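Here are the chains, one letter per residue:
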Amino acid sequence: MVAFGKKLKERQIQEWQGYYINYKLMKKRVKQYGQQIQLGTLDRRHVLKDFSRMLDNQIEKTVLFLLEQQGHLASRIAKLGEEHEIIQQEPRLSRIAELQEAYRAVGQELLKLLFFVEVNAVGLRKILKKFDKRLGYKFTDYYVKTRANHPYSQLQQVFKHVGFGAVVGALSRNLHELQGTQESQGSFLSIYDQPTLPLQDPVIDSIRAAVDRLTNSTNFLNFLGKHALIVDEELPTSIDEHADDQRYHFMSLFLNLANTFLYMVNTYIIVPTADDYSMSLGAAPTVCGIVIGAMAVAQVFSSVYFSAWSNKSYFRPLVFSSIVLFLGNAMYALAYDLNSIWILLFGRLLCGFGSARAVNRRYISDCVPLKIRMQASAGFVSASALGMACGPALAGLLQTNFQIFNITFNQDTLPGWVMTIAWLLYLAWLWITFKEPSRENEENNIAHQSNAENSALEKGLKQRLLISSEVKVDEDADQDNDDSEEAPEESPQPANSIGAAYRLLTPSVKVQLLIYFMLKYAMEILLSESSVVTTYYFNWTTSTVSVFLACLGLTVLPVNIIVGTYISNMFEDRQILLASEIMVFVGILFSFHVIVPYSEPQYICSGLLMFVSAEVLEGVNLSLLSRVMSSRLSRGTYNGGLLSTEAGTLARVVADATITLAGYVSVSSLLNITLMPSFFICLVSIIATCYTYNSLY
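Bear in mind the structure is a predicted one, so any value in this text is a computation, not a measurement. (Residues numbered from 1 in each chain as written. Predicted model: local features only at pLDDT ≥ 70, side-chain atom pairs only at ≥ 80, totals over all residues. Heavy atoms only, no water.)

1. Concerning the overall build of the protein
Turning to step 1, where the next piece is worked out: A count of helices and strands for the protein gives 30 helices and two strands.
Turning to step 2, where the next piece is worked out: The proportion of buried residues among the 697 residues of the protein is 55%.
Turning to step 3, where the next piece is worked out: Long-range contacts, defined here as pairs at least 24 residues apart, represent 84% of the contacts in the protein between residues at least 6 apart.
Turning to step 4, where the next piece is worked out: Accessible surface, the protein as shown: approximately 30,200 Å² in total, 61% of it carbon and sulfur. (Helix = DSSP H or I, 4+ residues; strand = E, 2+ residues; numbered from the N terminus. Buried < 20%, exposed > 50% of the residue type's maximum accessible area, 1.4 Å probe, protein only. Contact = heavy atoms within 4.5 Å. Areas by Shrake-Rupley, 256 points an atom, 1.4 Å probe, with all protein chains shown as cover.)

See the structure below:
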């Protein structure tokens, strides 16, 4: 592969070359700064001032050209609007078709301009990153902080793309009106008097996708889908999209979502009764921490082998998962009659070894077409949230006690038996209806991609569609090789080991993984010890605990709707991130047993605040994680989804172990002891967020 600077230059539009930021010149200047500082001929303040001025000039050049081109587009739309008015008076199908094509031509020019902005934004991020790495300064923090909201700075024009929305709206409205004129001549209704329907036009769809990608704007589905951390490595070519369509099978996707739902039910259905089950087998009630956490311990290992297995098959891992979960739940249920805490724990471990969430994620990422991938990702998160709510609710309904053939069915064992039957039915459904995607397209991917790129160079619009994807892949491939300005670089292949994946973690990524660890730890402490704590302080029954936990789970979707639809459009992700961390911290603080007596309103309100804030935090955290993570972590066994899953699973393991260990000290001190690590980890994550705040853009 050629160097990033050369690759960036190749993607530039020839007639606009003079208006791009001069990445090569700035890279040379950074090299000169390094040499001069070593010789002692330059000081830090001079370097910062000189390079800041250079960046300001480069950005201003780009922004002024951007505004000029937007003006040209607006003028063309205004002229077409005059023709549109004439056609409205005398509609003729041939003239309508010609005007539609004229509007689409403007749309293609707008798409060209959008990718011009994206190339410049990528180059700007890259040179800031190179400056920090070469000179050891936190120049990115300084530059973003001083320019982000300054009235004289043009930086926000590059990253916020002011004015594009108006042009997109004008194009969409006129094309929609022309389409309506074709379909219903003689109607006196305008598009504003009819139900809002999305305009089905390939040019408008491409523009909207480009705008969404550039501005990082989110709606509910986008926000919800980020919880799944299904990261796209690049925009597909037409051949890639066709391959996805061939591999996609709706029932197979639905089975993956069903697997996610059942696994989450399986995880949380035992939470309300785990302490009672432990005591019935002669153990302390706080052993429930080990019982609940055993599943997470096994999941640490199962996530890796399922992720690797999904490189070869999706069907076989799901079959294996169903069989293991069937056996694990049967052992969990039989432990009561066998009077063995070890069989109980082994059953839960077996359930953890059946966690196929890595397979579910990979199926959505690899086999679902791009046009519905965000909906599928949102479905993955919704299935998880619904399972989380249904698990405790179902446990609350299983309040009975009877025997059949000396096998006991009560509130402790019925969760195991119910899930045993559920996984058996799922296995039969999976065996009959799942369709294994073809791997032929993956094997020929390199040849197809090469053909697609050659074809795209001959077709104007397709060439522009490839700009952003190739630049994005190449962005993380650039290595700091100053011996040659255009030195060959390492190919951006997926990380093939834990060590390789770790080396790709920048400070921003590490902080986001720490935040994910913190929020999962806090949530696990709240959920897993709820039965013990509420029984000790308030004498709650299993049914009451089940209702409380189910209500917490049911807040997930409404909260994400509010955040994804409204709050995320009012504030930046990093602002929501920091505010959510602070709210989690406040929730933890108010959960401590300081005031005597400890009241139900205090526990419920603090727990609700902590849980809801953690849910908001999770969505924003994974959204930022997908943005700051290297594209090399978007594919392969050791991908970003696996890393976040491992961080969250380790947090659950540590939390459940903390509950059990704290229980041996004193049940009366359980709440405060388990909250103390949450308090300190949350505080550290807030400080770390402030430290990397200006790199989260």
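The discussion continues.
2. A short note on the confidence of the model for the protein
Turning to step 1, where the next piece is worked out: Here the protein averages 78 in pLDDT, while 77% of its residues score no lower than 70.
Turning to step 2, where the next piece is worked out: Here residues 185-197 is modelled with pLDDT under 50, and outside its nearest four sequence neighbours on either side it reaches eight contacts, counting other chains as well.
Turning to step 3, where the next piece is worked out: Low pLDDT (under 50) marks residues 233-243, which in the prediction has 26 contacts with non-local residues, meaning those over four places away or in another chain. (pLDDT = per-residue confidence, 0-100.)

3. Things to note about the side chain of Asn256
Turning to step 1, where the next piece is worked out: Within the secondary structure, Asn256 sits in helix 11 (residues 250-268).
Turning to step 2, where the next piece is worked out: Here Asn256 falls in the buried class, since its relative accessible area comes to 1%.
Turning to step 3, where the next piece is worked out: One polar contact links the side chain of Asn256 to the main-chain carbonyl oxygen of Ser252, over a distance of 2.9 Å.
Turning to step 4, where the next piece is worked out: Among all residues touching Asn256, those that are not within four sequence positions of it are Leu318, Val359, Asn360, Tyr363, Tyr426 and Phe434. (Polar contact = N/O pair within 3.5 Å; in protein donor to acceptor, adjacent residues only side chain to side chain.)

4. A look at the pattern of salt bridges
Close approach of charged atoms allows side chains with opposite charge to pair.
Turning to step 1, where the next piece is worked out: Tallied over the entire structure, the rule returns six salt bridges.
Turning to step 2, where the next piece is worked out: Between Arg29 and Asp50 there is a salt bridge whose closest N-O contact spans 3.2 Å. One end of the pair, Arg29, is in helix 2 (residues 23-39); the other, Asp50, is in helix 3 (residues 44-89), and 21 residues separate them in sequence.
Turning to step 3, where the next piece is worked out: A network of salt bridges, in which partner residues are shared, links Arg29, Asp50 and Arg53. (Salt bridge = Lys/Arg side-chain N within 4 Å of Asp/Glu carboxyl O.)

5. Concerning the packing of helix 11 against helix 16 (residues 357-367)
Turning to step 1, where the next piece is worked out: Two elements in contact, helix 11 and helix 16, have axes separated by 10 Å at closest approach and are oriented at 150°. Relative to helix 16, the element helix 11 lies roughly antiparallel. Seen along the crossing, helix 11 lies across helix 16 with a hand that is left-handed. Residues Ser252, Leu253, Asn256, Leu257, Asn259, Thr260, Tyr263 and Met264 of helix 11 touch helix 16, and the partners they reach there are Arg357, Val359, Asn360, Tyr363 and Ile364.
Turning to step 2, where the next piece is worked out: Here the residues of the contact of helix 11 with helix 16 sort into seven nonpolar, five polar and one charged. (Axes fitted to C-alpha atoms, helices over the stretch in contact; angles between N-to-C directions. Parallel < 35°, antiparallel > 145°, perpendicular 65-115°, else oblique. Left-handed = near helix turned anticlockwise from the far one by under 90°. Nonpolar A, V, L, I, M, F, W, Y, C, P; charged D, E, K, R; others polar.)

6. Digging into the environment of Ala258
Turning to step 1, where the next piece is worked out: Among the structural elements, Ala258 can be located in helix 11.
Turning to step 2, where the next piece is worked out: C-alpha separation for the pair Ala258 and Asn360, spaced 102 residues apart in sequence, amounts to 9.6 Å.
Turning to step 3, where the next piece is worked out: Dropping the residues within four chain positions of it, Ala258 is found in contact with Tyr426 and Trp429.

7. A word on the environment of Ile659
Turning to step 1, where the next piece is worked out: Take Ile659: it is sitting in helix 29 (residues 640-665).
Turning to step 2, where the next piece is worked out: When near neighbours in sequence (up to four residues on either side) are disregarded, Ile659 contacts Thr286, Gly289, Glu524, Ile525, Ser528, Glu529, Leu670 and Thr674.

8. Comments concerning unusual backbone geometry
Turning to step 1, where the next piece is worked out: Non-glycine residue Asn339 carries a positive phi angle of around 50°.
Turning to step 2, where the next piece is worked out: Inspection of the secondary structure assignment puts Asn339 in the loop between helix 14 (315-338) and helix 15 (341-352).
Turning to step 3, where the next piece is worked out: One non-glycine residue with positive phi stands out, namely Asn406, at about 65°.
Turning to step 4, where the next piece is worked out: With respect to the helices and strands, the residue Asn406 is situated in the loop between strand 1 (402-404) and strand 2 (407-409).
Turning to step 5, where the next piece is worked out: On the basis of relative accessibility, which here comes to 66%, the residue Asn406 falls in the exposed class.

9. Section: the packing of aromatic side chains
Turning to step 1, where the next piece is worked out: Scanning all chains against the criterion turns up 39 aromatic pairs.
Turning to step 2, where the next piece is worked out: The interplanar angle of 40° and the centroid separation of 5.7 Å between the aromatic rings of Phe409 and Trp417 together place this pair among those described as tilted. The same class applies to Phe409 as to Trp417, namely buried.
Turning to step 3, where the next piece is worked out: Members of the aromatic cluster, each reached through a chain of ring pairs, are Tyr536, Tyr537, Phe538, Trp540, Phe548, Tyr598 and Tyr603. (Phe/Tyr/Trp six-rings, centres within 6.5 Å; stacked < 30°, edge-to-face > 60°.)

10. Concerning the packing of helix 23 (residues 507-528) against helix 27 (residues 573-591)
How two helices pack is summed up by the angle between their axes together with the distance between the axes.
Turning to step 1, where the next piece is worked out: Contact geometry of helix 23 with helix 27 gives a least axis separation of 12 Å together with a crossing angle of 30°. Classified by the interaxial angle, the pair formed by helix 23 and helix 27 is roughly parallel. In this structure, the crossing between helix 23 and helix 27 has a hand that is left-handed. Together, Gln512, Ile515, Met518 and Ala522 of helix 23 and Leu577, Glu581, Val584 and Ile588 of helix 27 make up the contact between the two elements.
Turning to step 2, where the next piece is worked out: Each residue belonging to the contact of helix 23 with helix 27 can be placed in one class, and the counts come to six nonpolar, one polar and one charged.

11. A few points about a nonpolar patch on the surface
Turning to step 1, where the next piece is worked out: Taken together, the side chains of Ile562, Tyr566, Met570 and Phe571 define a hydrophobic patch exposed on the protein surface, amounting to about 470 Å² of accessible area.
Turning to step 2, where the next piece is worked out: Relative to the elements of secondary structure, Ile562 occurs in helix 26 (residues 556-570). (Patch = residues over 30% accessible without salt bridge, like charges linked within 9 Å, V, L, I, M, F, W, Y side chains within 5 Å.)

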